[in-house]
Amino acid sequence: MNALAKLLQDIYYLKFSFIVKLLGGMRTPQHSYALAKFLGTLRTNFGYIGSGWSRGKYLDTMSKVLPELEQAKADELLKAYWVNHQKRFMELFLAREFTPENIGKLVDFEGLSYLDEALKQKRGVILPVPHIGNERLHHILLAVKGYPMAVISSHYDDHGPFARKVKIDASRRFHEVGHPGDVKWLLKVLKSNRVLQVASDAEAGENGVMVKFLGQDTLLPTGWIRLALTAGAAVFPSALLRQKNDRHKLIIKPEFEVKRDVNREETLKSNAQRYMDVVSEFFLQSPDLIDWMSLTVRLDETKQAV
């Protein structure tokens, strides 16, 4: 992103920082969601920024993942994606006002007892959360709920300074934030019996493995698997899924057992495959909440790697 694009992005973020406050913030979040629905409808036709991005590119990914999807349904799904995309954007600014008292307006929790038991055993917890629903709000809401959270975040070097600050501060306001590659920090988080959220479908890196995800060859990272084996941490599949009334459900599934295989390569590959088989259920049940941009990037990176 060039300097002009970063400046325009910062102006855009600054404008909506003010607008969300003007609309009442967490006192009346439905006003922000109504605006997001309008903007999402616009972006269905005009939201394709950057070289190579187009409406057709998204529809192509959808046709690969959901080959039986009819054209009219694909158009509806693309609109639903952009509406959720814009609601996620508004939630960056709504999150500034989160308190233990008001998050009940937005979220119901399911499966917290799994987390509680693992923390009682002082094992430390890893949540490899996929890009569906609102993965950013996922760790923030758990922190506001009272859980000792930490998250691995991008540096957002391709963002303008204000946009970068908004995204990182949305998390830092509630818990510690680290960055990929800081192994000492990651182990410290787990050894201090905290809950670490990572992305199970981020960029693969040098230790990436190829798995079948949603019927597609997908190159995925294995850092969380290596961490779990080293630290003995508990791993839980989880996602924050938006409901029809703009409430969310934060779902934590039973513990995923990380198993050792015949060698390091097979251990990483088999665990990554089994884990993505589990979380694919979220994607197939709620395709309107899939981050189709992120999935398209992963498939493009996989194609280039191959």
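Residues numbered from 1 in each chain as written. Predicted model: local features only at pLDDT ≥ 70, side-chain atom pairs only at ≥ 80, totals over all residues. Heavy atoms only, no water.

- Per an unreviewed UniProt entry, the protein chain goes by the name Lipid A biosynthesis acyltransferase and belongs to candidate division LCP-89 bacterium B3_LCP.
- Under Subcellular location (unreviewed entry), UniProt gives the following word-for-word description of the protein chain: "Cell inner membrane". (UniProt positions renumbered as here; feature names shortened; annotations may be inferred.)

1. Comments concerning helix α7 (residues 161-172)
Then, in step 1: Here α7 contains twelve residues, and its C-alpha end-to-end distance of 16 Å stays within 8% of the 16 Å for a straight helix at 1.5 Å per residue.
Then, in step 2: Residues of α7 that are buried: Ala 163, Val 166, Lys 167, Ile 168, Ala 170 and Ser 171.
Then, in step 3: On its buried face, α7 is in contact with α1 (3-22), α4 (71-94), α6 (135-145), β3 (149-152) and β4 (176-178). (Helix = DSSP H or I, 4+ residues; strand = E, 2+ residues; numbered from the N terminus. Expected span 1.5 Å × (residues − 1). Buried < 20%, exposed > 50% of the residue type's maximum accessible area, 1.4 Å probe, protein only. Contact = heavy atoms within 4.5 Å.)

2. Here's the deal with the packing of aromatic side chains
Then, in step 1: Under the definition given, this model contains 17 aromatic pairs.
Then, in step 2: Relative to Phe 89, the ring of Tyr 12 has its centre 5.5 Å away and its plane inclined at 25°; by these criteria the two rings are stacked. Placement of Tyr 12 in helix α1 and of Phe 89 in helix α4 is noted, with a sequence separation of 77 residues between them.
Then, in step 3: Residue Tyr 12 is classed as partly exposed on the basis of its relative accessible area of 29%. (Phe/Tyr/Trp six-rings, centres within 6.5 Å; stacked < 30°, edge-to-face > 60°.)

3. Things to note about the pairing of strand β7 (residues 216-220)
Then, in step 1: Of the two faces of β7, the one holding Gln 216, Thr 218 and Leu 220 is buried and the one holding Asp 217 and Leu 219 is not buried anywhere.
Then, in step 2: Sheet topology places strand β6 (residues 209-213) next to β7; five bridges connect them, and they run antiparallel. In the strand pairing of β7, Val 211 is matched with Thr 218.
Then, in step 3: Taken together, β6 and the strand that follows it, β7, pair antiparallel across an intervening segment of two residues, in which Leu 214 is found at a positive phi of about 55°. (Pairing = 2+ DSSP bridges.)

4. With respect to the nonpolar core
Then, in step 1: Residues Ile 126, Leu 196, Trp 224 and Trp 292 are the most contacted members of the largest nonpolar core, which totals 49 residues.
Then, in step 2: When residues of this core are assigned to their parent elements, the largest contribution, seven residues, is made by helix α10 (residues 264-285).
Then, in step 3: Within the second largest apolar cluster, 41 residues are counted, among which are Leu 92, Leu 112, Ile 140 and Met 149. (Core = buried A, V, L, I, M, F, W, Y, C linked by side-chain atoms within 4.5 Å.)

5. Some remarks on the sheet that holds strand β1 (residues 107-110)
Then, in step 1: Across the sheet, three strands lie side by side as β1-β10-β9; this open sheet has mixed pairing. Every other strand in the sheet has two partners, leaving β1 and β9 (238-242) as the edge strands with one partner each. Each neighbouring strand pair of the sheet contributes to a mean axis angle of 15°, computed without reference to strand direction.
Then, in step 2: Across five bridges, β9 lies against strand β10 (residues 248-252) in antiparallel orientation. Bridge pairing in β10 links Arg 242 to His 248. (Axes fitted to C-alpha atoms, helices over the stretch in contact; angles between N-to-C directions.)

6. Remarks on the packing of helix α8 (residues 183-191) against helix α9 (residues 223-231)
Then, in step 1: It is at 11 Å that the axes of α8 and α9 come closest, and there the two elements cross at 50°. In terms of their interaxial angle, α8 and α9 are classed as oblique. Where α8 crosses over α9, the two elements pack in a sense that is right-handed. On α9, the residues that touch Leu 186, Leu 187 and Leu 190 of α8 are Leu 227, Thr 230 and Ala 231. (Parallel < 35°, antiparallel > 145°, perpendicular 65-115°, else oblique. Left-handed = near helix turned anticlockwise from the far one by under 90°.)

7. Side note on the sheet that holds strand β2 (residues 125-129)
In any sheet, the strands associate via hydrogen bonds between backbone groups, in a parallel or an antiparallel arrangement.
Then, in step 1: The sheet built from five strands is open, its strands ordered β4-β3-β5-β2-β8 with parallel pairing. Two strands close off the open sheet at either side, each with one partner strand: β4 and β8 (234-235).
Then, in step 2: Looking at chain direction, β3 and strand β5 (residues 195-199) are connected through three bridges and run parallel. Following the sheet pairing, Val 151 is matched in β5 by Gln 197.
Then, in step 3: Packed onto the sheet, α9 meets β2, β5 and β8 and runs at close to 165° relative to β2.

8. As for α10
Because each turn of an α-helix spans 3.6 residues, side chains separated by three or four positions end up pointing in the same direction.
Then, in step 1: End to end, α10 covers 33 Å across 22 residues, agreeing with the expected 32 Å (1.5 Å per residue, within 8%).
Then, in step 2: At Val 279, α10 shows its maximal kink, close to 30°.
Then, in step 3: For α10, the complete set of buried residues consists of Thr 267, Leu 268, Asn 271, Ala 272, Tyr 275, Met 276, Val 279, Ser 280, Phe 282 and Phe 283.
Then, in step 4: Of the residues that open α10, the one with a side-chain oxygen 3.2 Å from the backbone nitrogen of Glu 265 is Asn 263. (Bend = angle between axes of the 7 residues up to and from the residue. Polar contact = N/O pair within 3.5 Å; in protein donor to acceptor, adjacent residues only side chain to side chain.)

9. Here's the deal with the side chain of Asp 10
Then, in step 1: One can find Asp 10 in helix α1.
Then, in step 2: Buried charge without a partner: Asp 10 forms no salt bridge, and the closest opposite charge is Arg 164, 7.6 Å away.
Then, in step 3: Setting aside anything within four residues of it in sequence, one finds Asp 10 in contact with Gly 160, Pro 161, Phe 162 and Ala 163. (Lys, Arg positive; Asp, Glu negative; His and termini not counted. Salt bridge = Lys/Arg side-chain N within 4 Å of Asp/Glu carboxyl O.)

10. Points about the layout of surface pockets
Then, in step 1: Each pocket or cavity is described by its volume, and for the second largest pocket that value is around 300 Å³.
Then, in step 2: Around the second largest pocket sit 14 residues that line it, and Ala 80, Val 83, Lys 87, Arg 242 and Asp 288 are the ones nearest its centre.
Then, in step 3: Those elements giving two or more residues to the lining of the second largest pocket turn out to be α2 (29-46) and α4.
Then, in step 4: A total of six residues in the lining of the second largest pocket trace back to one element, the largest contributor, which is α4.
Then, in step 5: In the lining of the second largest pocket, the residues fall into four nonpolar, two polar and eight charged. (1 Å grid on protein atoms, 1.4 Å probe; cavity = no way out; pocket = protein on both sides within 12 Å on 5 of 7 lines; lining within 4 Å. Points joined across faces, edges and corners; volume = space filled by probe spheres on them. Nonpolar A, V, L, I, M, F, W, Y, C, P; charged D, E, K, R; others polar.)

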